[in-house]
Structures are given as structure tokens and as C-alpha cells.
Amino acid sequence: MIYEISLGDLNKDYEPMKSTILYAFRQKTKFQLNIDTSNIEHISMYFLYDFSKFLFSLKNEKQYLEKTNLYVYNEYVYYLLEHFFIYICRPIAKVQLFLYENNELKYLKSFYPW
């Protein structure tokens, strides 16, 4: 199963994103996430901190998440997410971070759980 999540205003979209991820885990079947961040221009540190706690809480769950694809269209958001997965919180499954510029792939970076 693939779950599509579109993020824009994190004040509105953040909690529904977490709910979608929890719902997917509760189905107890393998799944993937495709997260589109094309409408995000800024991410506050609060959301990064809270999301790291959220991911940490999922590390104790049986892992049904196979992979997450993050589609990013803003270099600031790309580097913030890159640093998030390197320094703040290791992913619970493979994460592929795609940066698009002018509708062309500029960077692709993969992160793996330990």
C-alpha cells in the first residue's frame, strides 16, 4: 500500500500527516509513504523536534514501513530535512529525499535506519 501525503501549511497539515502514518502502522501490512512538500516554504524547529519524538516512538513498533519518498522543491527545506535525518533523528525505514528545481531532479539522497 502507498500513502500519498501533501504538506503545505504545517499548522494544518502536520497532525493529519502523523494520523495517516499511525493509521498505516495499525493496518499491520507493509506500506510506503510518498510525501510531497511542494507547498512548504518554511519548517519551524518545533515541527522537527516533535517529529523526531514521533519517529522515536515508532521505533519500538513492528516495522511495516518499507520506504518514504520525500519530494522537495525548496533548497532550504531540502537541507533542513537532510540535517534532520543525519543529526537529529535516524529514519525508521529507508528515506529517499528528492530535490527538484525547475521540474528537474537536482539531488537525490538516501538515508537508512541503523
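So, here is what we can say about the structure in this document. Here the structure is a predicted model, which means the values were calculated and not measured. (Residues numbered from 1 in each chain as written. Predicted model: local features only at pLDDT ≥ 70, side-chain atom pairs only at ≥ 80, totals over all residues. Heavy atoms only, no water.)

### Digging into the packing of helix α1 (residues 10–26) against helix α2 (residues 45–58)
Between α1 and α2, whose axes approach to 12 Å, the crossing angle comes to 5°. Classified by the interaxial angle, the pair formed by α1 and α2 is roughly parallel. Residue-level inspection shows Leu-10, Asn-11, Tyr-14, Met-17, Lys-18, Ile-21, Leu-22 and Phe-25 of α1 in contact with α2, the latter providing Phe-47, Asp-50, Phe-51, Phe-54 and Leu-58. (Axes fitted to C-alpha atoms, helices over the stretch in contact; angles between N-to-C directions. Helix = DSSP H or I, 4+ residues; strand = E, 2+ residues; numbered from the N terminus. Parallel < 35°, antiparallel > 145°, perpendicular 65-115°, else oblique. Contact = heavy atoms within 4.5 Å.)

### A short note on α1
An α-helical turn contains 3.6 residues, so any two residues separated by three or four positions project in the same direction. End to end, α1 covers 23 Å across 17 residues, agreeing with the expected 24 Å (1.5 Å per residue, within 8%). Looking only at α1, the buried set comprises Leu-10, Tyr-14, Met-17, Lys-18, Ile-21, Ala-24 and Phe-25. Around the axis of α1, the buried residues are gathered within 125° of arc, so they sit on the same side. Among the exposed residues of α1, those pointing more than 90 degrees away from its buried face are Lys-12 and Arg-26. The residue sitting at the N-terminus of α1 and contributing the capping side-chain oxygen is Asp-9; that oxygen lies 2.9 Å from the backbone nitrogen of Asn-11. Two residues or fewer past α1, Lys-28 is found with a positive phi of approximately 55°. (Expected span 1.5 Å × (residues − 1). Buried < 20%, exposed > 50% of the residue type's maximum accessible area, 1.4 Å probe, protein only. Arc of directions from axis to C-beta. Polar contact = N/O pair within 3.5 Å; in protein donor to acceptor, adjacent residues only side chain to side chain.)

### Looking at the packing of α2 against helix α3 (residues 75–88)
Relative orientation of the contacting elements α2 and α3 amounts to 45°, with a least axis distance of 12 Å. What the angle tells us is that α2 and α3 run oblique. Here α2 runs over α3; the crossing is right-handed. Across the interface between the two elements, Leu-48, Phe-51, Ser-52 and Leu-55 from α2 touch Leu-80, Phe-84, Phe-85 and Ile-88 from α3. Among the residues forming the contact of α2 with α3, the class breakdown is seven nonpolar, one polar and no charged. (Left-handed = near helix turned anticlockwise from the far one by under 90°. Nonpolar A, V, L, I, M, F, W, Y, C, P; charged D, E, K, R; others polar.)

### A short note on a nonpolar patch on the surface
Where nonpolar side chains cluster on the molecular surface, the patch consists of Met-45, Ile-86, Tyr-87 and Ile-88 and spans about 440 Å² of accessible area. Among the secondary structure elements, Ile-86 is positioned in helix α3. The exposure class assigned to Ile-86 is partly exposed, which follows from its relative accessible area of 34%. (Patch = residues over 30% accessible without salt bridge, like charges linked within 9 Å, V, L, I, M, F, W, Y side chains within 5 Å. Areas by Shrake-Rupley, 256 points an atom, 1.4 Å probe, with all protein chains shown as cover. Salt bridge = Lys/Arg side-chain N within 4 Å of Asp/Glu carboxyl O.)

### So, the environment of Asp-13
Within the fold, Asp-13 resides in helix α1. For the pair Asp-13 and Tyr-112, spaced 99 residues apart in the sequence, the C-alpha separation amounts to 25 Å. Setting aside residues up to four positions removed in sequence, Asp-13 forms contacts with Ser-6, Leu-7 and Gly-8.

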